[in-house]
Structures are given as structure tokens and as C-alpha cells.
Amino acid sequence: MNNITALKELLYKIADDQLIIGHRNSEWTGLGPILEEDIAFSSMAQDKIGQSEHIYNLLHQLGEAEPDTVAFTRNAEQFHNSQLTELPIGEYDFSLLRHFLFDFAEYIRFGNLRESSYQPLAQVAKKFYGEIKYHTMHANTWIYQLGTGTQESHDRMQNVLDNYWNTALGMFEEGPAEELLISEGIFMGEKALRGKWLEVVMPLLEKSSLKVPEADTWEPIVGGRTGKHTEHLQPLLSEMTEVYAIDPSADW
Amino acid sequence: MATENNKTVDSLDPRISRAKISSGETSDMDNLVHFQTYEVFHQKKRGAQHQHVGIVHAPNPDMALLYAKEQYARREQTANLWVAPSSCISATEYADDDIFSTTPDKLYRNPATYKVMDRIKAFKERGMKSTDQIEKSPH
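Here goes a summary of the coordinates provided. (Residues numbered from 1 in each chain as written. Chains lettered and ligands numbered in written order. Predicted model: local features only at pLDDT ≥ 70, side-chain atom pairs only at ≥ 80, totals over all residues.)

Moving on, we get to the sheet that holds strand E2 (residues 51-58) of chain B. Residues and elements named next belong to chain B. If you walk across this open sheet you meet the three strands as E2-E1-E3, and the pairing is antiparallel. The open sheet has two edge strands, E2 and strand E3 (80-85), and neither has a second partner. Taking the axes of each pair of neighbouring strands and ignoring which way they run, one obtains an average angle of 30° across the sheet. Pairing of strand E1 (residues 36-43) with E3, which is carried by six bridges, proceeds in the antiparallel orientation. Counted as the bridge partner of Val 40 is Val 83 from E3. Relative to E2, helix H2 (residues 61-72) is tilted by about 125°, and along the sheet it contacts E1, E2 and E3. (Pairing = 2+ DSSP bridges. Helix = DSSP H or I, 4+ residues; strand = E, 2+ residues; numbered from the N terminus. Axes fitted to C-alpha atoms, helices over the stretch in contact; angles between N-to-C directions. Contact = placed C-beta atoms within 7 Å.)

Encoded structure:
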């Protein structure tokens, strides 16, 4: 595997994560719990889709198809997003916890990518670092509110954490070129990312009175990075690409 | 309350249909009474004044800051935001607004009308240093 193939593999999983979670979170638009939160969550969903476009553009520069083509014409098994991002929005407890777990991972990932030896990627990472930092502030504020709020809010957050922790760990599924990415200084690798993520999210969850499941029960649910997805991804793609499928030249 | 009305809203928008929103009365204002309003102040650049831009509705200052960011710093250049509970604001009474009634007459208090402004402007235009001699203004 050469550098370019390794780099593309990395870029696809980053962009696909952002596009899919962005689309999922946009499903809350008009349905958010209160007006201000509805706007905040929608705005961040839009941010994610904007970030993905920048990464798809980097892929385009490396010879892949146009961003719209890449985003709207692939099937589920051609997507590299982690399974966490594709699950239905569920109740707000799940969507918020996913937002928390995902955005801290992305924040640390982009923090590292700012130093990437691949300059175009380092530039994109620098550009979006602050935006993603705000996403983590939003997520953490909510998790703290609900984790330390009422018995009901605490129990609901704890329940979601227990049920989806292993899916979240699947975000750090290693790719076929980890060593190459690390040795070339492109990215620190999924293992290191997971370690740093745990160092950040575990104390925050604890501060929010939430307990991470015991380490001996951790079994990352992987597959997303190699195109193995839950039954939820294809319906999302069908809905997301509906207009494009009717008229690929439609402009809006 | 919504005992008879278990029908859910059916919409062309799949998100709405998926949400299974009851078509009956669903709002429960009692759950929102602990929310308060916060006044939001926006600063464009470091060193500039914070300017009042509006309010947000939030349960506490942390959440109010998040919402202020979305509501008032989403499009504009921003250096900093303040929020303060609306209940902390003391205000004059509109009934007493006659205390301001003669203010528009007191143009002499408005520095824009000072004759010296012409000279300051001319000074700036010439890009002079404060130690330079300025010619007497024709005024």
C-alpha cells in the first residue's frame, strides 16, 4: 500500500463520518426540544456537512470523483463511516451522547491532523479546529446538565452510554495502513487517537456522574470502515440522495 | 390531556412522520417554567464595546452562552459574548421618559457638532503628528 492509497483511506473515513452524522443530526431540524437548541443542533449538522465537503475536495485533488458524485452515488457498502454515525437519531439522549462521543474524537483527530505532513489536510484541520471545539463545548455542556440533572435525565444518559459504548469504540477501528500513516507523519493512528480520547472523555463523563462500562466488557463494534454497516445506513442514503437521483444536475 | 388524540402527524417530510408527533395538544409549559431569559451582549473585536443584541431562553448561564453563540454569533464576526439574567437588569420606567424630553435640544452636548471636529478631520487627513503645528482653521 502506498502513501496515496493510505491517505485516501484515511480521508474517506473522516469525510464519510462527517457526512453521515451531519445528515443524521439534521433530522432534528424542526423537532429539537427547544427553539434555541433546534437552531444550535441544525447549525452544527450543517457544519459537519461543510467539513465533509472540504475533505471530499481533498480526495478530488487526489483523483477521486467530484464531491457531489462521491457523496450521492455510492451504496452503503462503499461508505467508510463508523457504525455509530449511521444509527437512527432515536431520542435526544442518544443523539446528544453520540454527539459528545463523536465530536471529542473528531476534535482530537483534527488537533493531531493540524500537524500532518500532508499539508492540504493540515490546512483543513486548522480551519475547522475551532468549529469542532465549539461542538465539543455544546456536547459537554449538555452531557453535564443531563448527567447531573434529575434522576430521570441521569438514568437515561447512563442507559445510552451502557448500550452504545462498544459502538463508539468502533470509531477507532484500525485501517490497513496505520503504520504507514504514522511513519510518514500523516496521522497519529487510530490506537493513539483512542487512547487520547479515553483520557479526555472519561474524566468528563465522571464529572457528569456517568459511569463508563467496565473495561473487561469493552468489545468494539467494528466493520464500518470496511463497508460493513447496519441496516440503517442504506435507507439514510436513499433519502439523502433522493433529489440527486431524480435530477443529478439540480441546483439548490 | 391527550387521551383521545393519539393520532400522529403525517407529513410529506419523512423526518416529521418518523418523529410520531401527536396531533393533539402536546406542549407542557410547566416543564419550561424554570427557564429564564438572558440578555446577550456581543463584542465584535477585542477592545470594542459589548453591545446588547437580544435575548436567549435557557436554564442556566452555561446553556445561555451556547445559545447566544448560535443565535447572535453565527453570521457576524465575534470576539466575545456576555450573557446576564434579564432579572439582573434595572431599567428606567417608560412612564418617566419625559426625563429625556429636552435632550434633543442640547446639541452642544453632542461632540459631532463641535467646530473643532473640522480641524481634527483636517489634521487626520494630512496625516500629521501631534507635535506638528496646525494652521488656524478659517472658523
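Right, let's talk about the interface of chain B and chain A for a bit. Frequently, the measure chosen for interface size is the accessible area removed from exposure when the parts meet. Listed as interface residues are 14 residues of chain B and, on the opposing side, 13 residues of chain A. Considering every element that reaches the side of chain B that touches chain A, the biggest residue donor is H2 of chain B, with seven residues. Classifying every residue of the side of chain B that touches chain A gives seven nonpolar, two polar and five charged. (Nonpolar A, V, L, I, M, F, W, Y, C, P; charged D, E, K, R; others polar.)

Glancing now at the packing of helix H2 (residues 35-61) of chain A against H2 of chain B. Running from amino to carboxyl end, H2 of chain A crosses H2 of chain B at an angle of 65°, the nearest separation of the two axes being 9 Å. Between H2 of chain A and H2 of chain B, the crossing angle belongs to the class labelled roughly perpendicular. Helix-helix and strand crossings are classified by hand; for H2 of chain A and H2 of chain B the assignment is left-handed. Counted together, Glu 36, Ile 39, Ala 40 and Ser 43 of chain A of H2 of chain A and Leu 66, Tyr 67, Glu 70 and Gln 71 of chain B of H2 of chain B form the full contact between these two elements. Residue classes in the contact of H2 of chain A with H2 of chain B are distributed as four nonpolar, two polar and two charged. (Parallel < 35°, antiparallel > 145°, perpendicular 65-115°, else oblique. Left-handed = near helix turned anticlockwise from the far one by under 90°.)

Residue and element names in this part refer to chain B. You can see Ile 21 is positioned in the loop between helix H1 (14-18) and E1. A count of 15 C-beta atoms within 10 Å places Ile 21 in the partly exposed class. It is 23 Å that separates the C-alpha atoms of Ile 21 and Phe 35, two residues lying 14 residues apart in sequence. Excluding anything up to four places from it in sequence, Ile 21 contacts Thr 8, Val 9 and Ile 16. (Buried ≥ 20, exposed ≤ 12 C-beta atoms within 10 Å, placed from the backbone.)

The next point concerns the environment of Glu 70 of chain B. Within the secondary structure layout, Glu 70 of chain B lies in helix H2. Residue Glu 70 of chain B is classed as buried on the basis of its 20 C-beta neighbours within 10 Å. Linking Glu 70 of chain B and Arg 15 of chain B, residues 55 residues apart in sequence, is a C-alpha distance of 23 Å. Among residues more than four places away in sequence, those in contact with Glu 70 of chain B are Glu 36, Ile 39, Ala 40 and Ser 43 of chain A.

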